[in-house]
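# Close look at the chain arrangement
The residues making up each chain are set out below.
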Amino acid sequence: MSDLAGGFRYLLAGQRWVFGHGRWLGFGLLPGLVTLVLYAGALIGLGSGADDLTAWATPFADEWSSPWLGLFRGFLTALVFCLGLFLAVITFTAVTLLIGQPFYESLSEAVDRSEGGDVPESGLSLWQELWISARDSVKVLGRVLLYGILLFALGFIPVIGQTVVPAIGFCVSGYFLTHELTSVALQRRRVELADRLALLRSRRMLVLGFGVPLVLSFVVPFVAVFLMPGAVAGATLMARDLLPAGEPRERADQAAPGNPAGDANQAQWAGHTNHAGHTHHAAQAGPQQTGAPAPVSPQAQAQTPAKGFGPPPPGF
């Protein structure tokens, strides 16, 4: 439960950040407005054509008597529209981030800069970043479609389809929505798609605490547009605390025993307090616990040959 509340605090922290930096709020609204117009037109078209679609897909029900024909097709029409709304909520963020890639990259960097420390940069051109973002989004949306089809089929189960399935749908939506938002900051840190998914899986409740309230708010018209800048800021704050030392490969290198940079980095991570209010403490360990070699006297060093080398060959 603490992680659920922590995820929600990240969302609130992101909204506070953008409202405290009004220029970035207006800057971040533009991509959402463009995407909203596109999606509004698509949903209006779906709503007006859903009746014809269900009638075309169920010709076997043409001879059914009233009221069963109307109830059956009305139920299917509602399911089709709900599926379209589910996909709209999931893809809205991906499309908005793709359209607004330069905007949200700058916003995420500004959050990093305001919080102090290094500001990671991908070192890629805009077109490379757009290609990677689009490629990863398609892969994630493939997973979302599989979940959507499964949940759509389960929606036909009485009672469960009208209670449990929608709740699971909101959780799935919140999880993948959080992934799309954190990808802005994690991609700049050179964290690959598989590593991002594994990272979020390790903190599922934190992710759901961030994403599910955001999905619920996105159902309300126009709210998604105004919350997007703060959502990107909050996701950046979350990414900073999930990866406080920077890129995983850099952390692995710095954590090597005897590396002064790694020791300093671990000391900095000990007692680090994140934006969700959790404090992380590194364990105190001696040389044997950390794997550090025991001290060796100068005499022993002189008698012991270097590792990997035998005695010198004759005549050397």
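Residues numbered from 1 in each chain as written. Predicted model: local features only at pLDDT ≥ 70, side-chain atom pairs only at ≥ 80, totals over all residues. Heavy atoms only, no water.

## Side note on the packing of aromatic side chains
Under the counting rule described, the total for this entry stands at seven aromatic pairs. With 5.0 Å between their ring centres and 45 degrees between their planes, Trp 64 and Phe 72 make a pair best called tilted. Aromatic side chains Tyr 147 and Phe 176 sit 5.9 Å apart centroid to centroid with 50 degrees between the ring planes, which places their arrangement in the tilted category. Note that Tyr 147 is positioned in helix 5 (residues 126–154) and Phe 176 in helix 6 (residues 160–188), a separation of 29 residues in sequence. Classification of Phe 176 by relative accessible area gives buried; the value is 7%. Ring pairing ties together the aromatic residues Phe 60, Trp 64 and Phe 72, which thus form one cluster. Positioned over the ring face of Trp 24 is Arg 23, at 4.7 Å from the centre of the ring. (Phe/Tyr/Trp six-rings, centres within 6.5 Å; stacked < 30°, edge-to-face > 60°. Helix = DSSP H or I, 4+ residues; strand = E, 2+ residues; numbered from the N terminus. Buried < 20%, exposed > 50% of the residue type's maximum accessible area, 1.4 Å probe, protein only. Lys NZ or Arg CZ within 6 Å of the ring centre and 35° of its normal.)

## Some details on a nonpolar patch on the surface
Side chains of Leu 150, Leu 154, Ile 157, Val 159, Ile 160, Val 164 and Ile 168 sit close together on the surface and give an oily, nonpolar patch of about 570 Å² of accessible area. Where the nonpolar patch is concerned, the elements lending two or more residues are helix 5 and helix 6. Among the elements that line the nonpolar patch, the one with the most residues is helix 6, at three residues. Topologically, Val 164 is positioned in helix 6. (Patch = residues over 30% accessible without salt bridge, like charges linked within 9 Å, V, L, I, M, F, W, Y side chains within 5 Å. Areas by Shrake-Rupley, 256 points an atom, 1.4 Å probe, with all protein chains shown as cover. Salt bridge = Lys/Arg side-chain N within 4 Å of Asp/Glu carboxyl O.)

## Let's talk about the pattern of salt bridges
A side chain with one charge may pair with a side chain of the opposite charge, provided their charged atoms come close. If you walk through the whole model with that rule in mind, you get seven salt bridges. Ionic pairing is found between Asp 112 and Arg 189, a salt bridge with its closest N-O pair at 3.0 Å. Here Asp 112 is found in helix 4 (residues 101–115), whereas its partner Arg 189 is found in the loop between helix 6 and helix 7 (193–201), with 77 residues between them in sequence. Of the two residues examined, Asp 112 and Arg 189, each falls in the buried class. The closest approach of N and O atoms between Asp 136 and Arg 135, which form a salt bridge, is 3.3 Å. What you see here is one network of salt bridges that share partners, running through Glu 105, Asp 112, Arg 188, Arg 189 and Arg 240.

## Description of the side chain of Thr 178
Mapped onto the fold, Thr 178 is located in helix 6. For Thr 178, a relative accessible area of 0% translates into the label buried. Side-chain polar atoms of Thr 178 contact the backbone nitrogen of Gly 211, separated by 3.4 Å. Those residues in contact with Thr 178, other than ones at most four positions away along the chain, are Leu 200, Val 207, Phe 210, Gly 211 and Met 238. (Polar contact = N/O pair within 3.5 Å; in protein donor to acceptor, adjacent residues only side chain to side chain. Contact = heavy atoms within 4.5 Å.)

## A closer look at the nonpolar core
Inside soluble globular proteins, nonpolar side chains tend to come together where they are buried. The biggest cluster of nonpolar side chains holds 54 residues, and the ones touching the most others in it are Trp 17, Leu 181, Phe 210, Leu 214 and Met 228. Counting residues per element, this core draws most heavily on helix 9 (residues 223–242), at 11 residues. Setting aside residues up to four positions removed in sequence, Trp 17 forms contacts with Trp 24, Leu 107, Ala 110, Val 111, Ser 114, Glu 115 and Ala 233. (Core = buried A, V, L, I, M, F, W, Y, C linked by side-chain atoms within 4.5 Å.)

## Examining the environment of Val 212
With respect to the helices and strands, Val 212 occurs in helix 8 (residues 204–218). The class for Val 212 is buried, based on a relative accessible area of 17%. Through-space distance from the C-alpha of Val 212 to that of Gly 169 is 9.8 Å; in sequence the pair is 43 residues apart. Beyond its immediate sequence surroundings of up to four residues, Val 212 is in contact with Phe 170, Cys 171 and Gly 174.

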